[in-house]
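Chain residues, written in single-letter form:
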Amino acid sequence: MVVTRGGPRPEGSALGVDIGGTNIKWVHRAGTAVLARGTLPTPAAGPAQVAATIAEMADERTVEAIGVALPGHLTRDLRSTTTVPNIDGDWQGFPLADTLEHATAKPVLLMNDARAFASAELALGSARGHTDVVFMTMGTGIGGAIALDGRVLRGPGDRIGEIGHMTADPGGEPCGCGARGCLETVAGGRALAAVWSRSLASRGTGSQGRSLTPEDLVRAARSGDATARGILGSVGMVVGTVLGSVLAQLGVSTVVVGGGVAPAFDMMRPAVESALRDRRSLIGPVTLLAAELGPYAGATGAALHTTAQPLAVPSTSQLSVN
Ligand SMILES: [Zn+2]
């Protein structure tokens, strides 16, 4: 028997979990209240162990539902994972929702982490009060999401809004998705660290054996290094050009930027705005907003998602996992 609740449960208690390549962030919410939150290392042994870790967390708390955000795509029914490139283990076809429901007897909803981030920023963060927004998350890679008419679009397999995989440099560097020259091969955190590393090597200064991060590039630009500023300026032009295409296509004029490498975006901002101005006759003035909710936005969005709609509570007859 499946018990379907009558509608959204804005006061519902939910565990929201955001699985990253390094850490799992979690938030326990009840309505508008955050009861607890925390971070733990992502188990390296693959999806079954990640599921067991989440089930343990849910057992320790009183929750009605579990929302899980992850950096990848889902099957069309949004119950299993397909491509999850940056977390250890074989995630292709893993029945994460069924496994977790079996372990916890709670309803479980999965979503892409960029869509979860967007849901949280739309409900509680910098996009509050806006209806039509493009979201971009800058981390190791670049994620994205689109909200139209006040709703974050998901589509088959939760794939709408992958701005990071729009072509920015035809024939350019290989991307984790299998293509070449995607925006994240130019402007993702890994790409920024690589270009800065090459730049230092060409100057003969090197990195003294330390692996460089995008923050090193941003720090150099802030301290006035002309090459670092030049790199962020030219990357910003590329970001602005791709964003301009997205805005032209959608007729949207608000962009929210977040993610761990968002400080690099701040340094690119004049170049991004310059590229957007070049398209102004079509897209009009563009409002660029910084995300407000910080590193727990994804977990928050995953939790909110479970309370925003009716949920089918799993019954024991449903809980067979192949
Ligand atoms: Zn790609």
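Computed from a predicted structure; not experimentally measured.

Draft legend 1. Representation of the coordination of the zinc ion in the model. Only His165 (ND1), Cys175 (SG), Cys177 (SG) and Cys182 (SG) from the protein reach the zinc ion as donors, at distances of 2.0 to 2.4 Å. The coordination sphere of the zinc ion comprises four donor atoms, whose angles at the metal cover 105 to 122 degrees; the geometry is tetrahedral. One chain supplies every donor for the zinc ion, spaced along it as H-x9-C-x1-C-x4-C. For cysteine 175, a relative accessible area of 10% corresponds to the buried category.

Draft legend 2. Expanded view of the layout of surface pockets. Estimated volume of the second largest pocket: approximately 280 Å³. Lining the second largest pocket are eleven residues, and of these Ser119, Gly150, Arg151, Val152 and Ala308 sit closest to its centre. At the level of elements, helix H3 (113–124), strand S9 (151–152) and helix H10 (297–307) are the ones that each hand at least two residues to the lining of the second largest pocket. Taken together, the residues of the lining of the second largest pocket sort by class into five nonpolar, five polar and one charged. Two domains each provide a minimum of three residues to the lining of the second largest pocket, namely domain 1 (3–116 + 297–318) and domain 2 (129–291).

Draft legend 3. Here's a closer look at the packing of aromatic side chains. Going through the model one piece at a time under the given rule, you end up with two aromatic pairs. Centre to centre, the rings of tryptophan 91 and phenylalanine 94 are 6.4 Å apart; their planes meet at 70 degrees, and the pair counts as edge-to-face. We classify tryptophan 91 as buried; its relative accessible area is 2%. Ring geometry for phenylalanine 117 and phenylalanine 135: centres 6.2 Å apart, planes at 90 degrees, overall edge-to-face. One end of the pair, phenylalanine 117, is in helix H3; the other, phenylalanine 135, is in strand S7 (residues 133–138), with 18 residues separating them in the sequence. Looking at phenylalanine 117, the relative accessible area reads 7%, which means it is buried.

Draft legend 4. Region of interest: the packing of H3 against H10. Here H3 crosses H10 at 80 degrees, and the two axes come no closer than 7 Å. Classed by the angle they form, the pair H3 and H10 counts as roughly perpendicular. Residue-level inspection shows Ala116, Phe117, Ser119, Ala120, Glu121, Ala123 and Leu124 of H3 in contact with H10, the latter providing Ala297, Gly298, Thr300, Gly301, Ala302 and Leu304. Residue classes in the contact of H3 with H10 are distributed as eight nonpolar, four polar and one charged.

Draft legend 5. The side chain of threonine 300, seen in detail. Here threonine 300 is to be found in helix H10. Its relative accessible area of 9% is what places threonine 300 among the buried residues. In contact with threonine 300, other than residues within four places in its own chain, are Val27, Arg29, Ala120 and Leu124.

Draft legend 6. Fine view of the environment of phenylalanine 265. Structurally, the position occupied by phenylalanine 265 is in helix H8 (residues 262–277). Sequence separation between phenylalanine 265 and valine 108 is 157 residues, and the spatial gap between their C-alpha atoms is 34 Å. Excluding its chain neighbours within four sequence positions, the residues that come into contact with phenylalanine 265 are Met136, Met138, Val239, Val257, Val272 and Leu288.

Calculation rules
Residues numbered from 1 in each chain as written. Predicted model: local features only at pLDDT ≥ 70, side-chain atom pairs only at ≥ 80, totals over all residues. Heavy atoms only, no water. Donors = N, O, S within 2.8 Å, 3.2 Å for Na, K, Ca; no water. Tetrahedral: all angles 85-135°; square planar, octahedral: opposite > 155°, others 65-115°. Buried < 20%, exposed > 50% of the residue type's maximum accessible area, 1.4 Å probe, protein only. 1 Å grid on protein atoms, 1.4 Å probe; cavity = no way out; pocket = protein on both sides within 12 Å on 5 of 7 lines; lining within 4 Å. Points joined across faces, edges and corners; volume = space filled by probe spheres on them. Helix = DSSP H or I, 4+ residues; strand = E, 2+ residues; numbered from the N terminus. Nonpolar A, V, L, I, M, F, W, Y, C, P; charged D, E, K, R; others polar. Domains from an automatic or database assignment. Phe/Tyr/Trp six-rings, centres within 6.5 Å; stacked < 30°, edge-to-face > 60°. Axes fitted to C-alpha atoms, helices over the stretch in contact; angles between N-to-C directions. Parallel < 35°, antiparallel > 145°, perpendicular 65-115°, else oblique. Contact = heavy atoms within 4.5 Å.

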